[in-house]
Amino acid sequence: AYMSCSKIYNDYDGIQHDYTRKGGLVWEHIFLPAQASPEWSDRGTLWNAVERAEKTKDSRLARELIVALPLELPAEEWKSILTEYITEHFVSDGMCTDVAIHDTDGHNPHAHILLTVRPLNQDGSWQHKTQKEYLCVRNGEERGFTAQEYLQAQWEGWEKQYQYKKNGKKVFLPPSRAVGLERVSKQPKNTAYGRKNPITARWNSKELLETWRSEWAGVVNRYLEKSQ
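Reading the values: the criteria
- Residues numbered from 1 in each chain as written.
- Predicted model: local features only at pLDDT ≥ 70, side-chain atom pairs only at ≥ 80, totals over all residues.
- Heavy atoms only, no water.
- Helix = DSSP H or I, 4+ residues; strand = E, 2+ residues; numbered from the N terminus.
- Buried < 20%, exposed > 50% of the residue type's maximum accessible area, 1.4 Å probe, protein only.
- Contact = heavy atoms within 4.5 Å.
- Areas by Shrake-Rupley, 256 points an atom, 1.4 Å probe, with all protein chains shown as cover.
- Salt bridge = Lys/Arg side-chain N within 4 Å of Asp/Glu carboxyl O.
- Pairing = 2+ DSSP bridges.
- Phe/Tyr/Trp six-rings, centres within 6.5 Å; stacked < 30°, edge-to-face > 60°.
- Polar contact = N/O pair within 3.5 Å; in protein donor to acceptor, adjacent residues only side chain to side chain.
- 1 Å grid on protein atoms, 1.4 Å probe; cavity = no way out; pocket = protein on both sides within 12 Å on 5 of 7 lines; lining within 4 Å.
- Points joined across faces, edges and corners; volume = space filled by probe spheres on them.
- Nonpolar A, V, L, I, M, F, W, Y, C, P; charged D, E, K, R; others polar.

Trainee: Would you explain the overall build of the protein chain in this entry?
Mentor: Looking only at helices and strands, one finds six helices and 13 strands in the protein chain. Every one of the 228 residues in the protein chain was classed for burial, and the buried ones make up 43%. By sequence separation, contacts in the protein chain at least 24 residues apart represent 63% of the contacts at least 6 residues apart. Per element, the accessible surface of the protein chain, about 13,000 Å² overall, is 48% carbon and sulfur.

Trainee: So what exactly am I meant to see when it comes to the pattern of salt bridges here?
Mentor: Note on pairing: side chains with opposite charge can pair once their charged atoms come close. Taken as a whole, this structure holds 12 salt bridges when the rule is applied. Notably, a salt bridge pairs Lys129 with Glu54, separated by 3.3 Å at the nearest N-O pair. Placement of the pair is Lys129 in the loop between strand 5 (110-116) and strand 6 (130-131) and Glu54 in the loop between helix 2 (43-53) and strand 3 (62-68), with a sequence separation of 75 residues. Just as Lys129 is buried, Glu54 falls in that class too.

Trainee: Even after reading the chapter, I still don't get the sheet that holds strand 10 (residues 162-166), so can you show me in this structure?
Mentor: Adjacent strands of a sheet form backbone hydrogen bonds with each other and so pair up, either parallel or antiparallel. Across the sheet, which stays open at both edges, the three strands sit in the order 11-10-12 with antiparallel pairing between neighbours. At either end of the open sheet lies a strand with only one pairing partner, and these are strand 11 (169-173) and strand 12 (182-183). Of the strand pairs in this sheet, strand 10 and strand 11 are connected by five bridges, and their pairing is antiparallel. Looking at strand 11, one finds that Lys165 is bridged to Lys170.

Trainee: How do you make sense of the sheet that holds strand 9 (residues 159-160) when you look at a structure like this?
Mentor: Ordered by their spatial adjacency, three strands build an open sheet running 8-7-9, and the pairing between neighbours is antiparallel. For this open sheet the edge positions go to strand 8 (141-146) and strand 9, each flanked by a neighbour on one side alone. Both strand 7 (residues 133-138) and strand 8 contribute to a ladder of six bridges, which runs antiparallel. Pairing of Arg138 across the sheet is with Glu141, part of strand 8.

Trainee: Whenever I open this one, the packing of aromatic side chains confuses me. Can you help?
Mentor: Pairs of aromatic rings are described using the distance from one ring centre to the other and the angle between the two planes. Applying the stated criterion across every chain yields a total of six aromatic pairs. Relative to Phe90, the ring of Tyr85 lies with its centre 5.4 Å away and its plane at 90 degrees, an arrangement referred to as edge-to-face. Judged by relative accessible area, which is 1%, Tyr85 ranks as buried. In this structure Phe90 comes out as buried when scored by relative accessible area, which is 0%. Between the aromatic rings of Phe90 and Trp212, the centroid separation amounts to 5.0 Å while the plane-to-plane angle is 80 degrees, which identifies the pairing as edge-to-face. Residue Phe90 is found in the loop between helix 3 (75-89) and strand 4 (97-102), and its partner Trp212 is found in helix 6 (residues 206-227); the two are separated by 122 residues along the sequence.

Trainee: Could you clarify how one ought to interpret the environment of Gln152 in this entry?
Mentor: Locating Gln152 in the fold gives a position in helix 4 (residues 147-153). Using a relative accessible area of 47% as the deciding quantity, one classes Gln152 as partly exposed. Looking at Gln152, its side chain comes within polar contact range of the side chain of Glu156, at 3.1 Å.

Trainee: Mind showing me how you'd approach unusual backbone geometry here?
Mentor: One can expect most non-glycine residues to show negative phi and most peptide bonds to be in trans. With a phi angle near 50 degrees, Asn139 is a residue other than glycine that sits in the positive phi range. Among the secondary structure elements, Asn139 is positioned in the loop between strand 7 and strand 8. You can call Asn139 exposed: its relative accessible area is 79%. Of note in the backbone geometry, Asn167 takes a positive phi value of approximately 55 degrees without being a glycine. When its relative accessible area of 76% is taken as the criterion, Asn167 is described as exposed.

Trainee: I keep staring at the layout of surface pockets and nothing clicks. Help me out?
Mentor: The method is simple in principle: a probe with the dimensions of a water molecule rolls over the atoms, and the space it marks as empty is what remains. In this structure, the largest pocket spans a volume of roughly 390 Å³. Together, 17 residues line the largest pocket, and Glu54, Thr56, Ser59, Arg118 and Lys129 are the ones closest to its centre. The class makeup of the residues in the lining of the largest pocket is four nonpolar, six polar and seven charged.

Trainee: Hey, could you run me through the pairing of strand 5 in this one?
Mentor: For a regular strand, the rule is simple: side chains alternate between the two faces of the sheet. Burial analysis of strand 5 places seven of its seven residues in the buried class, the great majority of the element. As judged from the seven bridges shared by strand 3 and strand 5, these two strands associate in the antiparallel manner. Considered in strand 5, the bridge of Val67 is made with Ala111. In this structure, strand 4 lies alongside strand 5, joined through six bridges in antiparallel fashion.

Next up, the structure:
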């Protein structure tokens, strides 16, 4: 049982409709975690919501897994395998999952599994993939804080740093050390790429992909053994 993985950008809609044009679409279904909007059980509504959450044109909208299905089992069993696998590994982890079984010639049945890449909050809103991380100082030590973390850190003596003019040069200083200096930027010092959401980081990890691969082989083998 093989699995390949690819990254899907704004062409996800074309991928879905390509099955219909070619023929060979055996089954398609949307699986949603409990916190997702029930309206997202409609494919177009789900992916439109995903697209609206992204700010840049080249944002990744989905992760695609392509898995081979065993010829030895009937199509109803393929559905059962996929339902069990998707529910256990993706939906339970908070991903919305769009699956389609494709079989054009009866020799290469496989499924395309599209996974959302943004975690969901309990109220069904999308989480950030990354958060701005401010580089703050206290007693000469520098440390990064998200906006939420800074609400507490400022009471513990941490200060954001801003650019000021000092002796003809631009330097980052906390306001307490910049009395009388001219601030040249409103933006506090921050890390270049922000703080990656730990859930997103885990979903993107090579380790998790390897787990998905081995678990897919395991569930397929279990169904094959049952059929003998």
